[in-house]
Amino acid sequence: MRALVADKEGRIFDHPLEAAVRAGQEDLRLPDEDWIPLPEGSTLFALPGRRPVVWETGKGFRTANAFMVNRQRRRLRAVAVFLPAGYTRTHLPAARPSHRSRPLPLWAYTAIGWREGTGNGHGHGLYAAAVRTDVRDIHNPLLYNDADLLPRVRERVAGHPDNRLIRQLVRCATVYHCFAAKNFFLRRWECPLPTAPSCNAQCAGCLSAQPACLTLPSHGRLAFSPTVEEVVQVALPHLEQVEEGIVSFGQGCEGEPLLQADLLEAVIRRLRSRTDRGTINLNTNGSLPRAVVRLARAGLDAVRVSLNATDPARYAAYYEPRHYTFRAVLETIRVAQAEGL
């Protein structure tokens, strides 16, 4: 697998030496069978301030600073790929930061390379260090054409011009290109219900809030608490009209929804007084088990507890929990099972 590199103008080239990948603090060579053809809908990134690492037989891993293209010497940047939903990276791109490089924005950078065609069934083209983890096609970018989306956005906004939550979903769908937000306007699958502007954790990789001295978050956090009526205006038609529809509290554009337990309970009771269709789901850090019991008894159907480690010290190092403990997270999982979620 040949390395993929970029010049300072962002033009991408295949390098004559072998691509290296990164796992933790270690550079590795990746066997051919551990690469997959680049999924449709992937996005390529050049990594400013990072030089690509390559493997050279007899010399091992080394930094590729420059190479010749059309008799011109080009300074190199490392290249990564951002995969579409439904795929999970296995390795990072191998790169060396310069002493002046700044932290990169929080995206899922994945190693990428170029394969020349071979006679053993491997075609030429771009390959990623990844596996497919969802065989469904609902994440296919071809299903999220903005030409279909924008008329639906105008229609929904016109129906509820004062609904701040709908305006938030417009931003998520058209600026951040959130597939879940687009689903609301396209009336299908899972619909997001962001409600929480604050959080009781300070995750190192938070998508919506970062210390100003580090790096920009990949998108802005919800800046208000919607009313019960605003949430119901979004959720009720989705549950009533969408086949096997799902509405979900706890999105990347918000904090911790359990901090809004009173609001969520009122919304769930209102929804379940009007319809028994669909699934009401909660994505949460699991910090408040008593609140989960309340929501379950109000009519919540499902819960997903985010968990990056089962060791309390490693959990705390990433989540930096405030006013809750790892034991509370385990208790949330226990009571959720007991309540049949």
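Residues numbered from 1 in each chain as written. Predicted model: local features only at pLDDT ≥ 70, side-chain atom pairs only at ≥ 80, totals over all residues. Heavy atoms only, no water.

**A few points about the overall build of the chain**
Here's step 1: Looking only at helices and strands, the chain features eight helices and 22 strands.
Here's step 2: Projected onto its principal axes, the C-alpha positions of the chain cover 70 × 50 × 40 Å.
Here's step 3: Charge separation in the chain, taken as the distance between the mean sites of 44 positive and 34 negative side-chain charges, equals 7 Å. (Helix = DSSP H or I, 4+ residues; strand = E, 2+ residues; numbered from the N terminus. Lys, Arg positive; Asp, Glu negative; His and termini not counted. Charge placed at Lys NZ, Arg CZ, Asp CG, Glu CD.)

**What about empty space enclosed by the protein?**
Here's step 1: What the rule picks out here adds up to one cavity of 30 Å³ or more.
Here's step 2: Here the largest cavity is characterised by a volume of approximately 90 Å³.
Here's step 3: For the largest cavity, the full set of lining residues is Ala-3, Leu-4, Ala-19, Ala-20, Pro-52, Val-53, Ala-78, Val-79, Pro-93, Ala-94, Ala-111 and Ile-112.
Here's step 4: Listing elements by their share of the lining of the largest cavity, those giving two or more residues are β1 (2-6), β7 (50-56) and β11 (77-82).
Here's step 5: Here the lining of the largest cavity is built from residues that sort into 12 nonpolar, no polar and no charged. (1 Å grid on protein atoms, 1.4 Å probe; cavity = no way out; pocket = protein on both sides within 12 Å on 5 of 7 lines; lining within 4 Å. Points joined across faces, edges and corners; volume = space filled by probe spheres on them. Nonpolar A, V, L, I, M, F, W, Y, C, P; charged D, E, K, R; others polar.)

**Comments concerning the side chain of Glu-256**
Here's step 1: With respect to the secondary-structure elements, Glu-256 resides in the loop between β20 (246-249) and α5 (261-274).
Here's step 2: Although buried, Glu-256 forms no salt bridge, and the nearest oppositely charged side chain, Arg-221, lies 9.4 Å from it.
Here's step 3: Separated by 2.9 Å, the side chain of Glu-256 and the backbone nitrogen of Leu-258 make a polar contact.
Here's step 4: Sequence-distant contacts of Glu-256, defined by excluding residues within four places in its chain, comprise Ala-196, Ser-198, Cys-199, Asn-200, Thr-284, Asn-285 and Ser-287. (Buried < 20%, exposed > 50% of the residue type's maximum accessible area, 1.4 Å probe, protein only. Salt bridge = Lys/Arg side-chain N within 4 Å of Asp/Glu carboxyl O. Polar contact = N/O pair within 3.5 Å; in protein donor to acceptor, adjacent residues only side chain to side chain. Contact = heavy atoms within 4.5 Å.)

**A word on the pattern of salt bridges**
Here's step 1: Applying the stated rule across the entire model yields 22 salt bridges.
Here's step 2: Salt-bridge contacts for Glu-116 lead to Arg-2; the nearest nitrogen and oxygen are separated by 3.0 Å. Of the two residues, Glu-116 is situated in the loop between β16 (112-115) and β17 (125-128) and Arg-2 in strand β1; the sequence distance between them amounts to 114 residues.
Here's step 3: Between Glu-155 and Arg-187 there is a salt bridge, and its shortest N-O distance comes to 3.5 Å.

**Focus: unusual backbone geometry**
Here's step 1: The phi torsion at Trp-189 lies on the positive side, around 55 degrees, for a residue other than glycine.
Here's step 2: Mapped onto the elements of the fold, Trp-189 is located in the loop between α3 (179-186) and β19 (190-192).
Here's step 3: A relative accessible area of 28% places Trp-189 in the partly exposed class.
Here's step 4: Even without a glycine there, the phi angle at Glu-320 is positive, about 45 degrees.
Here's step 5: Topologically, Glu-320 is positioned in the loop between α7 (312-319) and α8 (326-338).

**Quick look at the nonpolar core**
Here's step 1: With 40 residues, the main nonpolar core has Phe-185, Leu-193, Val-234, Phe-249, Leu-271 and Ile-280 as its most contacted residues.
Here's step 2: Leaving out residues up to four positions away in the same chain, Leu-193 has contacts with Val-231, Val-234, Ala-235, Val-247, Ser-248, Phe-249, Gly-250, Gln-251 and Glu-254.
Here's step 3: If you look at the next biggest cluster of nonpolar residues, it comprises 16 residues, including Ala-3, Leu-17, Leu-30 and Trp-35. (Core = buried A, V, L, I, M, F, W, Y, C linked by side-chain atoms within 4.5 Å.)

**A short note on the side chain of Thr-332**
Here's step 1: Among the structural elements, Thr-332 can be located in helix α8.
Here's step 2: Beyond its immediate stretch of four places on either side in the chain, Thr-332 contacts Gly-286, Ser-287, Leu-288, Pro-289, Val-292 and Val-305.

**Concerning the pairing of β11**
The side chains of a regular strand alternate, residue by residue, between the two faces of the sheet.
Here's step 1: Strand direction decides the pairing type here: β1 and β11, joined by two bridges, are antiparallel. Bridge pairing in β11 links Val-5 to Ala-78.
Here's step 2: Two elements, strand β6 (residues 43-47) and β11, share five bridges in a ladder whose sense is antiparallel. By the bridge assignment, Thr-43 is partnered in β11 with Phe-82.
Here's step 3: Here β11 pairs with strand β15 (residues 109-110) via two bridges, running antiparallel. Bridge assignment links Val-81 to a residue of β15, and that residue is Thr-110. (Pairing = 2+ DSSP bridges.)

**A word on the packing of helix α1 (residues 146-159) against helix α2 (residues 164-174)**
What describes two packed helices is the angle between their axes and the distance between those same axes.
Here's step 1: At a closest axis distance of 10 Å, the pairing of α1 and α2 adopts a crossing angle of 170 degrees. The orientation of α1 with respect to α2, classified from their angle, is roughly antiparallel. Taking contact as the criterion, the partners of Leu-149, Leu-150, Val-153, Arg-156 and Val-157 in α1 are, on α2, Ile-166, Val-170, Ala-173 and Thr-174.
Here's step 2: Classifying every residue of the contact of α1 with α2 by side-chain character gives seven nonpolar, one polar and one charged. (Axes fitted to C-alpha atoms, helices over the stretch in contact; angles between N-to-C directions. Parallel < 35°, antiparallel > 145°, perpendicular 65-115°, else oblique.)

**Some thoughts on the packing of aromatic side chains**
Here's step 1: Across all of its chains, the model carries 10 aromatic pairs by this definition.
Here's step 2: Seen in terms of ring centroids, Phe-184 and Phe-185 are 4.8 Å apart; in terms of plane orientation they differ by 65 degrees. Their pairing is edge-to-face. Like Phe-184, the residue Phe-185 is buried in the burial classification.
Here's step 3: Judged by centre distance (5.3 Å) and plane angle (80 degrees), the ring pair of Tyr-318 and Tyr-319 falls under edge-to-face.
Here's step 4: Joined through ring pairs, the aromatic side chains of Phe-45, Phe-82, Trp-107 and Tyr-109 make up one cluster. (Phe/Tyr/Trp six-rings, centres within 6.5 Å; stacked < 30°, edge-to-face > 60°.)

**What about the sheet that holds strand β22 (residues 302-305)?**
Here's step 1: Strand order in the open sheet formed by four strands is β19-β20-β21-β22, with parallel pairing between adjacent strands. Single-partner strands in this sheet number two, and they are β19 and β22. Pairwise comparison of adjacent strand axes, ignoring direction, gives a mean angle of 25 degrees for this sheet.
Here's step 2: With four bridges joining them, β20 and strand β21 (residues 279-284) adopt parallel strand pairing. Among the inter-strand pairings, Ile-246 is bridged to a residue of β21, identified as Thr-279.

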